[in-house]
Amino acid sequence: MDWWIYVIGFAAACALAVVATPYVKKLAFRIGAISVPNHRSVHTKPMPQMGGLAIFIAFAVTYLVVALSTGQYDLDVMMGMLFGGTIIVLVGIYDDRYNISPKLKLLGQIAAAAAVTSCGLYVDYIQLPFGDAINVYPWVGIIITILWIVGVTNAINLIDGLDGLAAGVSAIATLTIMVLSFITGNWPVALLSAILLGSIIGFLFFNFHPASIFMGDTGALFLGFSLATLSILGFKSAVAISFLVPILVLGVPLSDTVLAIIRRKLNHKPISVADKGHLHHCLMDLGFSTRRTVLIIYGVAAVFGSCAMLLSQTKQWGTIVLVVIVLLIMEIGAEAVGIISKSKKPVLRLLQRWLADTPPSRSGASK
């Protein structure tokens, strides 16, 4: 393996994103792709969005140059990523400028996902945590792949609420996929991940708090699409890794999305109606600053990524223990910040009652 290819890919993409972002910022102002503050906004002045175009340009150009010059590519993977990525970016640009309907946006996401599956990139089996791999019919695999890509794309879009939040979480997920790809010897996905990571880091120079440009739906949709596709490419051929690994890699956006659905159902609100109950909103309600809130969520994303890498190396019983611990911590954390309900906290109350009923130790009582 030639390490310099991955280093050059990362560095070139990072540099290109740094160069491209100011030009994309000017373009956003010129065409009117501006985010105007509303009741759900954290920013207080109009901000240029569509910054995700810089991420896409840096990723696409760097990947084409590095991959074609070194021969480190798979044609189907290249076509699926770039063709589908172009579709999703065009949808994002149009939405950042004209604020299209959710149905039209969903149609664009399905089209991008279909572009991936049309290149032969889809789930062909499901690896369960405690059993053999289950082969699936091609049409079933295509449906699963499209649902996964659309779901992850929307999950990243939902957490894009603070400066640098979606970009940083996506960078951590990309880094996790890259490390796992190195471990499993999946070099094409490792190269894609390195280049995408560099593109995100370069954009973060302008997007971290205080941001001078937002990634907009252009960036959120493209990053969600890319992460979903990379997770499929990274784990569809690794039989030893269960389907739980890509879920853990994307643990923050997926859990926030699931909890949002549960919260809106409990409050008898439509799933598509936006609210201020996401994780970053809850942390800020507790008094954390924007920067500290983002860093806390980065830490949570890093924990999920570490669990994914640990899970890929554990045996069956280790998997059971790890999954139970992660679920318990997630539930306690969700109740602590009030992301589902401000009043319903059954596990926390049970834990508090248990601690109150536990007698002090003799050593503690004698002091």
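Here goes a summary of the coordinates provided. (Residues numbered from 1 in each chain as written. Predicted model: local features only at pLDDT ≥ 70, side-chain atom pairs only at ≥ 80, totals over all residues. Heavy atoms only, no water.)

Each helix and strand counted, the protein has 15 helices and four strands in total. In the protein, buried positions account for 49% of the 367 residues. Across the protein, contacts joining residues at least 24 apart in sequence account for 72% of those joining residues at least 6 apart. Surface accessibility of the protein: about 17600 Å² in total, with carbon and sulfur atoms responsible for 68%. (Helix = DSSP H or I, 4+ residues; strand = E, 2+ residues; numbered from the N terminus. Buried < 20%, exposed > 50% of the residue type's maximum accessible area, 1.4 Å probe, protein only. Contact = heavy atoms within 4.5 Å. Areas by Shrake-Rupley, 256 points an atom, 1.4 Å probe, with all protein chains shown as cover.)

The topology assignment puts A115 in helix α4 (residues 102-118). When the C-alpha positions of A115 and F83 are compared, they lie 6.6 Å apart, and in sequence the two are 32 residues distant. Excluding residues within four positions of it along the chain, A115 makes contact with G80, F83, G84 and I87.

Summed over the entire model, instances satisfying the criterion amount to eight aromatic pairs. Ring centres of F208 and Y298 lie 6.3 Å apart, and the angle between their planes is 40°; on these two criteria the pair is classed as tilted. With F208 in the loop between α7 (187-207) and α8 (216-235) and Y298 in helix α12 (residues 290-311), this residue pair connects regions lying 90 residues apart in the sequence. Within the aromatic cluster, the residues linked to one another by ring pairs are W3, Y6, F182 and W187. (Phe/Tyr/Trp six-rings, centres within 6.5 Å; stacked < 30°, edge-to-face > 60°.)

The next subject is the pattern of salt bridges. Across all of its chains, the model carries two salt bridges by this definition. With a shortest N-O distance of 3.2 Å, D95 and K105 are connected by a salt bridge. Highlighted residues: D95 in helix α3 (residues 75-98) and K105 in helix α4, separated in sequence by 10 residues. Notably, a salt bridge pairs D217 with K105, separated by 2.7 Å at the nearest N-O pair. Here K105 lies in helix α4 and D217 lies in helix α8, a separation of 112 residues in the sequence. Judged on exposure class, the residue D217 and its partner K105 are both buried. (Salt bridge = Lys/Arg side-chain N within 4 Å of Asp/Glu carboxyl O.)

Another aspect to go through is a nonpolar patch on the surface. There is a patch of nonpolar side chains on the surface, built from L64, L68, Y73, L75 and M79 and spanning about 460 Å² of accessible area. Secondary-structure elements contributing two or more residues to the nonpolar patch are α2 (52-70) and α3. Counting through the fold element by element, L68 comes out in helix α2. (Patch = residues over 30% accessible without salt bridge, like charges linked within 9 Å, V, L, I, M, F, W, Y side chains within 5 Å.)

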